[in-house]
Amino acid sequence: MSGNAAPLLHEIAALLDRLALTGEGGSVQLNGLPLQPGDYEALQEALGEGEVSAEIQALGPSLIRETALHGVWWATHRNALQEVVAESIEVTRCPALLQTPAEDVAEAARILRERLSVATKGEHDV
Amino acid sequence: MNDMALLLWARGPGLQIALVVFIAGMLLKLFEIFSLGRKKDLSTPRPGKAWSGLKTIFSRSLPDKTLLKRSFPTYLMGYTFHIGFFIALLFLAPHIELFRNTTGLGWPALPGALVDGISLLTIVALLLMLGYRLYHPVKRFLSTFDDYASWALTMAPLLSGYLAFHHLLLPYTQMLALHILSVELLLVCMPFTKLFHTVSLFISRWYNGDALGHKGARL
Amino acid sequence: MSDEQSLGALLREQGISRRGFLKFCGAMASLMALPGSMVPAIAAALDKALRPSVIWLSFQECTGCTESLTRSHSPTLEGLILNAISLDYHHTLQAASGEAAEAAREAAMKQFFGKYLLIVDGSIPTKDGGVYSTIAGVSNLDMLHEAAKGAAAIVAVGTCAAFGGLPHANPNPTGAVAVSDIIRDKPIINVSGCPPIPVVITGVLAHYLTFGTLPELDDLGRPKAFYGESIHDRCYRRPFYDQGKFAKTFDDEGARNGWCLFELGCKGPTTFNACATTKWNQGTSFPIESGHGCLGCSEPNFWDAGSFYHALSTPITPVGRAAAVAAAAGIVGGAAIAMHNRHVKAAARSGHQTVTVNDLEQASGETK
């Protein structure tokens, strides 16, 4: 393996160790690194394809896939024009972006109650 | 003055000044030496020694066996330094580019890593030479300000070049400017210090060789 | 005009979800070269951040910096960040013109005195009282002095504002100088480049929005997150430099193989910018990737730094004439010394007296 792929893989291995021991992982930002031609492909090949793949539609599509190595996720964030705005490798049990923000949970409960009350009102009217 | 301004001064006016002093100074010194002249040797020259002056210019580059044994460290460090210095000067790609730009002559470069290793060896040799000069009583006794100044003037470009190459100590732009300035200082001082030996050694070797040949000495 | 609405509320109003906001913060963290672990802190800070008032003054410039910033298509990060600030004056972008535009500037300067962010692009001509560039009859010099008074900080966008740029190049007919040559009592961030990378402009704004402070700067006042490393150090062609493989012309074998462009005049080793990693045109490429050496446009005096096509290690001025003059001077001086030496020798010869043993004995007798 040439170029800068190997050192990145070592960094990922260290992050995995930390995740296993302390529960805290980390991430490697891919945009902003001086990757040589072939490095990107070498990384993809070394990490492989895993079981989970999730797509988020927020300010454009984000694709978050677990690699063949459990706990290593490949996240590609695009804007509405499909241009990559950020790309990173996340070492975590579940990427933060997949989890629902706490405020949204509270908001969801409120919205659901609102809908229910509208529905009940409707029933009484009949 | 910011780093870039310093670098531009070194690559522009600084270089002009240094070259003027260097070229004028070297010519001045050469005229001075040649115009001193020598007394004519009235004895009959021994036969078969017509080329002894020219021969000595080259033969004195090789070590004398007895002297080599007697002061091995001086020879070892001296050779390492001189060869290393010329490799760094003549075979690093940016240096070749300088020669190509100013003289139109160019040649292939050596890989940066190789020149880098040789430069480090050269710096170590120079440091050891200074240490040996200070340690050895006879050398210390014979050393003058000129010797130490010549050492420092030679060391400066090597060290700054090495540090610049590795981006150590100072920002690269600043270190590169200091590197070029140190070379310019070396050029300015060359005619007026012992560094003039870069030229005068050929003259003195020829003179010695010719004088000895005239007397029929074995060379 | 700036208001008390927080950035988070503003973005949600525009229909951007919390996940979207988090993604935006993640992208900004990567933009500012901050670790991913800082994303929650950035999100929390930005959520509460108030929209700052921004006054943008364009002086002796070509509008390339504004073009660079606005060429990015919305809805990009740049667009979002531009939405996140209250751009109260920018004479190219604003709808108002003439007296209405100048009135908007004056109103913003009054209302947000001491709090607004001043962005300047273009250099400031100082010769002949600064008459060479004026806006609404006011010289750039006077307008800068006036606007700087109430600014919390100044961002000098582009090499002209940061270091003088093209107008400052020799012979500098208008006496053009950089913002930092005129304003000394305000924090100034230099975002150099001709033009600067758009995300670098927005990255500085993002940092200011997030932390309310200026990012860490290098000795030329540039944010270290973007100008901390040279193009050369981050260049994907660097291994070829180390191996001594160079393109000699723009169409030779080496050029086709993508070898190092040092010998073709690349100024990458002395140029500090983020091109090699952030790249241009939505991350498509950067000049060296397109086969052209770096011009060094984010460094001071890059127009006067010799040919763009001559290696960094070569002189910026021709040395031939200086060498010839020196040689002539050396020969004349040397000839004079030679004449003098001959004269001394001749005098010594003519002054030579033959001495006999008797003379010496006589002399030693006298001294005794």
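Everything numeric here is computed off the predicted structure, so don't read it as measured data.

1. Concerning the interface of chain C and chain A
Right, so step 1: Facing 21 residues of chain C, the contacting portion of chain A comprises 32 residues.
Right, so step 2: The junction of chain C with chain A conceals about 2,100 Å² of combined surface from both sides, 62% of it contributed by carbon and sulfur atoms.
Right, so step 3: Taken as a group, C:Arg18, C:Arg19 and C:Lys23 account for 37% of the area that chain C buries against chain A, more than any other trio of residues on that side.
Right, so step 4: For the interface between chain C and chain A, the tally reads 2 salt bridges.
Right, so step 5: C:Arg18 serves as the salt-bridge partner of A:Asp104, at 2.6 Å between the closest nitrogen and oxygen.
Right, so step 6: Our enumeration of links across chain C and chain A arrives at 9 residue pairs in polar contact (both at pLDDT 80 or more).
Right, so step 7: Among the elements that take part in the side of chain C that touches chain A, helix α2 (residues 18-31) of chain C stands out by supplying 8 residues, more than any other.
Right, so step 8: Each residue belonging to the side of chain C that touches chain A can be placed in one class, and the counts come to 8 nonpolar, 9 polar and 4 charged.

2. A word on the interface of chain B and chain C
Right, so step 1: Taken together, the contact pairs 36 residues of chain B with 42 residues of chain C.
Right, so step 2: In this structure, the connection of chain B to chain C is made through 1 salt bridge.
Right, so step 3: C:Glu263 is the salt-bridge partner of B:Arg100, the closest N and O atoms lying 3.9 Å from each other.
Right, so step 4: In this structure, the connection of chain B to chain C is made through 9 residue pairs in polar contact (both at pLDDT 80 or more).
Right, so step 5: Looking at the side of chain B that touches chain C, the element that brings in the most residues is helix α1 (residues 3-36) of chain B, giving 19 residues.
Right, so step 6: Here the side of chain B that touches chain C is built from residues that sort into 21 nonpolar, 10 polar and 5 charged.

3. Overview of the packing of aromatic side chains
Remark: the centre distance and the inter-plane angle together describe each pair of aromatic rings, the angle taken between the planes.
Right, so step 1: Across all of its chains, the model carries 15 aromatic pairs over all chains by this definition.
Right, so step 2: The structure contains a cluster of three or more aromatic residues connected by ring pairs, namely B:Phe81, B:Phe85 and B:Phe86.
Right, so step 3: Here the basic side chain of C:Arg105 rests over the ring of C:Tyr89, its NZ or CZ set 5.6 Å away from the ring centre.

4. Points about the sheet that holds strand β3 (residues 61-66) of chain A
Residue and element names in this part refer to chain A.
Right, so step 1: Sheet architecture is open: 5 strands sit in the order β1-β5-β4-β3-β2, paired in antiparallel fashion. With one partner strand each, in any of the chains shown, β1 (26-29) and β2 (53-57) form the two edges of the open sheet. When the angles between neighbouring strand axes are averaged without regard to direction, this sheet yields 20°.
Right, so step 2: Strand direction decides the pairing type here: β1 and strand β5 (residues 84-91), joined by 4 bridges, are antiparallel. For Ser27, the partnering residue across the bridge sits in β5 and is Glu90.
Right, so step 3: The sheet contacts of helix α1 (residues 5-22) involve β1, β4 (72-78) and β5, and relative to β1 the element is tilted by about 165°.

5. Describing helix α3 (residues 39-48) of chain C
Residue and element names in this part refer to chain C.
Right, so step 1: All of the buried residues along α3 are Val39, Ile42, Ala43 and Leu46. Taken around the axis of α3, the buried residues stretch over an arc of 100°, which confines them to a single face. Residues of α3 that are exposed and angled more than 90 degrees away from the buried face: Pro40 and Lys48.
Right, so step 2: Looking at the buried side of α3, the elements it contacts are α1 (7-13), α2 and α10 (198-211).

6. Regarding the domain arrangement of chain C
Many structure descriptions define interface size as the accessible area lost when the parts assemble.
Right, so step 1: The assigned domain composition of chain C is domain 1 (7-227), domain 2 (238-304) and domain 3 (327-367).
Right, so step 2: On a C-alpha basis, the centres of domain 2 of chain C and domain 3 of chain C stand 64 Å from each other.

7. Points about the pattern of salt bridges
Right, so step 1: Per the stated rule, a full pass over the model turns up 18 salt bridges over all chains.
Right, so step 2: The partner of A:Glu49 in a salt bridge is A:Arg65, and the shortest N-O contact between them spans 3.2 Å. One end of the pair, A:Glu49, is in the loop between α2 (39-47) and β2; the other, A:Arg65, is in strand β3, with 16 residues separating them in the sequence.
Right, so step 3: Look at A:Arg65 and you get buried, because its relative accessible area is 18%.
Right, so step 4: Residues joined in a network through salt bridges with shared partners are B:Glu97, B:Arg100, C:Lys248 and C:Glu263.

Parameters at a glance
Residues numbered from 1 in each chain as written. Chains lettered and ligands numbered in written order. Predicted model: local features only at pLDDT ≥ 70, side-chain atom pairs only at ≥ 80, totals over all residues. Heavy atoms only, no water. Contact = heavy atoms within 4.5 Å. Buried area = accessible area lost by both parts, 1.4 Å probe. Salt bridge = Lys/Arg side-chain N within 4 Å of Asp/Glu carboxyl O. Polar contact = N/O pair within 3.5 Å; in protein donor to acceptor, adjacent residues only side chain to side chain. Helix = DSSP H or I, 4+ residues; strand = E, 2+ residues; numbered from the N terminus. Nonpolar A, V, L, I, M, F, W, Y, C, P; charged D, E, K, R; others polar. Phe/Tyr/Trp six-rings, centres within 6.5 Å; stacked < 30°, edge-to-face > 60°. Lys NZ or Arg CZ within 6 Å of the ring centre and 35° of its normal. Pairing = 2+ DSSP bridges. Axes fitted to C-alpha atoms, helices over the stretch in contact; angles between N-to-C directions. Buried < 20%, exposed > 50% of the residue type's maximum accessible area, 1.4 Å probe, protein only. Arc of directions from axis to C-beta. Domains from an automatic or database assignment.

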